[in-house]
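Descriptive structure summary
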Amino acid sequence: MKLSQISIAITLILYPINQSLAASPLVMQAQNFDPTKFEPEKTENTAESHNEITDFLISEKLDGIRAYWTGKTLLTRTGNAIAAPVWFTAPLPDIPLDGELWVGRGKFQQVAQTVLDQFPDDRAWRSIRYMIFDLPESKAKFEHRYQHLTHQINTIEPKHIQVIEQRRIASFTHLEDWLQHVDDKKGEGLMLHHRGNFYQAGRSDQLLKLKRYQDAEAVVIGYEEGNGKFKGIMGSMWVLTSDKIKFKIGTGFNQYDRENPPELGTTVTYRYNGYTDSGIPRFARFIRTRTNPDI
């Protein structure tokens, strides 16, 4: 859909960004890492309690598809059944598991295309790994859940079923070094899970995600025609966040995206670096179109 004779086309219809189904599994979700909640050196004058980095088990954040194993069925985060081959799920135990279906760093589109296909491609599934990180129904603290999970999964022979490795680090310097290493390898970031945290549905301030860049979602509400080499096609896209913040994204698009921009009402993912004083995401750039609520 090429754009011509347009300036800004904005629809006033607000589309819901985060939809959930009644059958959705009650999974735990992470909050963004906030360094002000940590106190590297405690003093007697500290007004509020702070976390210690040594109290967290840390793993790499995988850019895949969240997958919840009920003990019988593999579900997406919105409760849709995943059409995995029988050989893929047969070795899994009959207890609930929480994890990520993953191929490798920088291969999100490959895993999404494979996992969300209603007719499983057996050959494509051979490259998928189920990276498990939690036991949803366990009443134990996370460090004990991790130990039990490791013991449980290590008895399974197929290599496509693994436990995500958790590490403890000694300082913020080690955290920064690890984040830089993951970023250099085109990884997604890090996950910090408090060792004393209990599994709970919804957002938890004891489960944190740390990325070099922030990302979020917004709904497409309009476009602006480009100039120069982008004359006659999309130059930038207007979007609206769930907080009703309206702003423009003008970078991150390839030629195809500009000639065939996401339709109005489509949810897109964008990357940014903090906020302006007026609450607008800084340096926003397009990452991908969210064509499925499980992406």
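As a convention, each chain's residues are numbered from 1 in the sequence order in which they are written. Since the coordinates come from a predicted model, pLDDT governs what is reported: local features require at least 70, and pairs of side-chain atoms require 80 or more to be given and counted, while whole-chain, interface and lining totals use all residues. Excluded from the side-chain calculation are hydrogens and water; included are all heavy atoms of the structure.

Let's talk about the sheet that holds strand β12 (residues 246-249)
Spatially, the 5 strands line up as an open sheet ordered β12-β11-β10-β13-β14, and their pairing is antiparallel. Here the strands that pair on one side only, and so sit at the sheet edges, are β12 and β14 (285-290). Along the sheet, successive strands turn relative to each other by an average axial angle of 45°, direction set aside. In this sheet, strand β11 (residues 234-240) lies alongside strand β10 (residues 214-225) in antiparallel orientation, the contact comprising 6 bridges. Across the sheet, residue Glu224 finds its bridge partner in β11, namely Ser236. In this scheme, strands are said to pair when DSSP sees at least two bridges between them. Strands are runs of DSSP state E lasting at least two residues, helices are runs of H or I lasting at least four, and both sets are numbered from the N terminus onward. Axis definition: a line fitted to C-alpha atoms, limited for helices to the stretch in contact. Angles are taken between N-to-C directions and run from 0 to 180 degrees.

Topic: the packing of aromatic side chains
Aromatic pairs are defined between Phe, Tyr and Trp rings, using the six-membered ring for Trp, whenever the two ring centres lie within 6.5 Å; interplanar angles under 30 degrees are classed as stacked, those over 60 as edge-to-face, and all others as tilted. Tallying each qualifying case throughout the model produces 11 aromatic pairs. With a centroid separation of 5.7 Å and an interplanar angle of 85°, the aromatic rings of Phe38 and Phe172 are classed as edge-to-face. Separated by 134 residues along the polypeptide, Phe38 in the loop between β1 (28-32) and β2 (56-61) and Phe172 in helix α5 (residues 172-184) bring together distant segments of the chain. Aromatic pair Phe247 and Tyr270: ring centres 5.2 Å apart, planes at 70°, arrangement edge-to-face. Of this pair, Phe247 sits in strand β12 while Tyr270 sits in strand β13 (residues 267-272), and the two are 23 residues apart along the sequence.

With respect to the confidence of the model for the protein
Scored between 0 and 100, pLDDT is the confidence that the predictor attaches to each residue. Of all residues in the protein, 88% have pLDDT values of 70 or greater, and the mean over the chain is 87. In this analysis, two residues are considered to be in contact whenever any of their non-hydrogen atoms come within 4.5 Å of each other. Note on residues 4-22: pLDDT under 50 across the span, and 38 contacts to partners over four residues away in sequence or across chains. Counted against residues more than four places away or in other chains, residues 41-48, with its pLDDT under 50, gives 3 contacts.

Looking at α5
Residue count minus one, scaled by 1.5 Å, sets the expected span of a helix. With 13 residues, α5 should reach 18 Å at 1.5 Å per residue; the first-to-last C-alpha distance of 18 Å fits that figure. Three labels apply to residues, based on accessible area from a 1.4 Å probe with only protein chains included: buried if under 20% of the type maximum, exposed if over 50%, partly exposed otherwise in between. Listed in full, the buried residues belonging to α5 are Leu175, Trp178, Leu179 and Val182. The arc that holds every buried residue of α5, seen down its axis, measures 100°, which confines them to one face. Exposed residues pointing more than 90 degrees away from the buried face of α5 are listed as Thr173 and Asp184. Looking one or two residues past α5, Lys186 carries a phi angle of roughly 65°, positive in sign. This arc is built from the directions going out from the helix axis to the C-beta atoms.

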